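# Geometric and topological summary
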Amino acid sequence: MEEEKKEYNEINESEAPKSTKNTIKRLWHSIDDQYKRLTIVIVSVIFYTLLSIIAPLYSAHIVDLIWNGVQTAINTGTTFSITWNNCGYEIFILFSIYLATWVFYTLQNLVMASFAEKLSLRLRTEVSNKLNYLPLAYFDKHQPGEILSKVTNDLDKMSEALQTGLLRLFTSIGMIIGSVAMMLRFSVLLTAIFLGFTLISMLLTKLFSKKTLQYALNRQNSISNLTAEIEEAYTGRIIIKSFNREEFSINKIGNATNEVAKATKKADFMMNSINPAIRLVNRLGQVCIAVVAGKMLIDGQLSVGIFQAFFQYINQAAEPLTEASYMINSLQSALASLERVYEILDEEEISKEVKNPISVKNAKGEITFKNVKFGYSPNKILMNDISFNVKPGQKIAIVGATGAGKTTLINLLMRFYDINDGMILLDGIDTKKMTRNNLRSNFGMVLQDTWLFEGTIAENIAYGNPKATKEEIIEAAKMARVDFFIRTMPEGYDTILSSDAENISVGQKQLLTIARVMLCNPSVLILDEATSSVDTRTEIEIGKAMDNLMKGRTSFVIAHRLSTIMDADLILVMKNGDIIEQGNHKELLNKNGAYAELYNSQFA
């Protein structure tokens, strides 16, 4: 659990990409099917920005027209009124400008949202496909939570940032440049005052942004710790209750909650206080500009229209400048998330399938390991020289202490890992010359850890053979001694199991997985402590069914209880990855070696 916390924290602390240039280059290739959409967004941003810049300037013209009309009416003693020819036409044009601005603003947001979601869909699809081709070693090195975070949270963050941050960055750059240019056109002095106060606000933003980011990261870390504690307490709730550790668990979660509260308090204070402080500086700047501009208005250096237009440009330029730090941080975070997704896509895949593969159907079941050498990394070889031969229909037992390499041996047989040297043969054919699908279609596995998905009991049994008939499913269930239990369920074979199958017992889950393998009718069976979760009586019944199923089939049995494998044709005794003894039960007892010691310790 601590390792999961550490890895999760490291993920969240990496809020800046390692190589911004390379990530942007990869992103550009990822959107090669959406260049038209991006072009529409850019064109919309350009027109939106131009119209937003033109609108205050044209409004200055209208205000001056109205102001001059009002002054003339006062001086002549007439009534001022707005008609189509008297300012009405100009007001209609201004309305049209604002309407067109709204149209381009809406268009760019809609297209950008579609653009971001399509990119997210493409990357999710690529990652989903990639995960199917990653070696088992990758999943051994990375926690499930870390992988899920990359394919869900990181892509969500990327999509959100593209929809908001990138779009706002595009419009902000144009708005700032255009607004400042128009302000300089009106008054260099007023623009200088604005830029001076803006510089002060940007310095304040830079000063506090690092602190804000640190508090935000601390909050994220404390939330991840709390989540881990809650998950640990939930999954281990039975153990916690059995040892009367409820109060201890509550205190741990309470302490983690308090840490979240403290971190959140600091983060919220900083985030909620910086913005008002920056806005205060900006308002002070506007007050100064208003005083100076008022003096210039009185002196006739500015018109009323230009006076109000200048403040429109101030608002158009100040807001993006204030949010510049947020937008940059948001995009940096998005690029960092995207970079982590690309890291998955760049992972080394399993070796490619051989050209012109040899197909083996309904294998006889002869298995040969010839001088097999294997290590999870080239520097750490686990198996140095594994050799043995299994004849069709034989029962092979693999025994040894935890970590001896029993499951690894099975993983090599199934080509979950590729060997470093030597050969593994099925019916005399090198398994590397077969496709993985073809190889594995000849095997049926029953693991100690059961896996059932959300669906009916019948669908779970038929997982390896979706075309099986209802009669075949029932027959497999009967052979696995699970038919009676299924018929006691509310809907029988149509009973829906939850994703964790919590509505049935652990032993019943095991029986269903055994029925699943029986339905596949494989040439070679692999049983990894297949009856470890069932009671003794059920184990005996399953043993009888297994005996019938294993007749004429090669079977590999990983077992800790030696009483279940005494009739094996070949027993492989493993230690530290190597086979130290092999033979049948009687031969190994006569050797008085490791197997005899293990046997005597169980039956002393």
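Note that the structure is predicted; figures quoted are calculated from it, not measured.

The rules behind each value
Residues numbered from 1 in each chain as written. Predicted model: local features only at pLDDT ≥ 70, side-chain atom pairs only at ≥ 80, totals over all residues. Heavy atoms only, no water. Buried < 20%, exposed > 50% of the residue type's maximum accessible area, 1.4 Å probe, protein only. Helix = DSSP H or I, 4+ residues; strand = E, 2+ residues; numbered from the N terminus. Pairing = 2+ DSSP bridges. 1 Å grid on protein atoms, 1.4 Å probe; cavity = no way out; pocket = protein on both sides within 12 Å on 5 of 7 lines; lining within 4 Å. Points joined across faces, edges and corners; volume = space filled by probe spheres on them. Nonpolar A, V, L, I, M, F, W, Y, C, P; charged D, E, K, R; others polar. Axes fitted to C-alpha atoms, helices over the stretch in contact; angles between N-to-C directions. Parallel < 35°, antiparallel > 145°, perpendicular 65-115°, else oblique. Left-handed = near helix turned anticlockwise from the far one by under 90°. Contact = heavy atoms within 4.5 Å. Domains from an automatic or database assignment. pLDDT = per-residue confidence, 0-100.

## Regarding the pairing of strand β11 (residues 570-575)
In summary, the side chains of a regular strand alternate between the two faces of the sheet. The element β11 is largely enclosed, with a buried count of five among its six residues. Judged from the five bridges that link them, strand β3 (residues 395-400) and β11 form a sheet pairing that is parallel. Paired with Ile396 across the two strands is Leu570, which belongs to β11. Sheet topology places β11 next to strand β12 (residues 578-583); five bridges connect them, and they run antiparallel. When the sheet's bridge partners are listed, Met574 is paired in β12 with Ile579.

## Section: unusual backbone geometry
In most cases, non-glycine residues show a negative phi, while peptide bonds are predominantly trans. The phi dihedral of Asn356 is positive, around 55 degrees, even though this residue is not glycine. Relative to the assigned elements, Asn356 resides in the loop between α10 (304-345) and β1 (367-377). For Asp427, which is not glycine, the phi dihedral falls at a positive 55 degrees. Residue position: Asp427 is located in the loop between β4 (421-426) and β5 (429-430).

## Describing the environment of Thr408
Looking at where Thr408 falls in the secondary structure, it is placed in helix α11 (residues 406-413). Considering only alpha carbons, one finds Thr408 and Phe374, 34 residues apart in sequence, at a separation of 9.4 Å.

## Things to note about empty space enclosed by the protein
Tallied over the entire structure, the rule returns two cavities of 30 Å³ or more. The computed volume of the largest cavity comes to approximately 70 Å³. Every residue along the wall of the largest cavity is listed here: Ile193, Phe194, Phe197, Thr198, Asn282, Gly285, Gln286, Ile289, Ile314 and Ala318. Within the residue set of the lining of the largest cavity, elements represented by two or more residues are α7 (188-235), α9 (246-298) and α10. Residues that form the lining of the largest cavity fall into these classes: six nonpolar, four polar and no charged. Size it by volume and the second largest cavity reaches roughly 40 Å³. Taken together, Leu412, Arg415, Tyr417, Asp418, Ile419, Ile424, Thr431 and Lys432 make up the lining of the second largest cavity. Residue composition of the lining of the second largest cavity, grouped by class: four nonpolar, one polar and three charged.

## Quick word on the packing of helix α14 (residues 470-479) against helix α16 (residues 506-520)
Between α14 and α16, the shortest axis-to-axis distance is 8 Å and the interhelical angle comes to 125 degrees. With respect to α16, the element α14 is oriented oblique. Between α14 and α16 lies a crossing of right-handed hand. Residues Glu472, Ile473, Ala476, Ala477 and Met479 of α14 lie in contact with α16, whose contacting residues are Ala515, Met518 and Leu519. Grouping the constituent residues of the contact of α14 with α16 by class yields seven nonpolar, no polar and one charged.

## Structural notes on the domain arrangement of the chain
Interface size is commonly expressed as the accessible area that is lost once the parts come together. The domains assigned to the chain are domain 1 (19-186 + 332-348), domain 2 (188-301) and domain 3 (367-601). Taking the mean C-alpha position of each, domain 1 and domain 2 sit 25 Å from one another.

## With respect to the sheet that holds strand β10 (residues 554-558)
A sheet is described by the order of its strands in space; here six strands give the open sequence β6-β9-β10-β3-β11-β12, paired in mixed fashion. A single partner strand is all that each edge strand has here, and the edge strands are β6 (443-446) and β12. Taken over all neighbouring pairs, the strand axes of this sheet differ in orientation by 20 degrees on average, direction set aside. Set on the sheet, α16 makes contact with β6 and β9 (524-528); between it and β6 the angle comes to about 175 degrees.

## Overview of the packing of helix α2 (residues 20-30) against helix α4 (residues 88-131)
Where α2 contacts α4, the two axes come as close as 11 Å, and the packing angle between them is 100 degrees. For the element pair α2 / α4, the angle class is roughly perpendicular. On α4, the residues touching Leu27, His29 and Ser30 of α2 are Leu119, Arg122 and Leu123. Broken down by class, the residue content of the contact of α2 with α4 amounts to three nonpolar, two polar and one charged.

## A few points about the confidence of the model for the chain
Taken as a whole, the chain shows an average pLDDT of 83; of its residues, 93% reach a score of 70 or greater. Mean pLDDT across the elements of the chain bottoms out in helix α1 (residues 2-13) (40) and peaks in β4 (92). Across residues 1-14 the pLDDT falls below 50, and counting only partners more than four positions away or on other chains, this stretch makes 25 contacts in the model.

## Describing the side chain of Ser44
In this structure, Ser44 sits in helix α3 (residues 35-76). Taking relative accessible area as the criterion, Ser44 reaches 1% and is therefore assigned buried. Once you skip the residues sitting within four places of it in the chain, Ser44 turns out to touch Phe104, Leu107 and Gln108.

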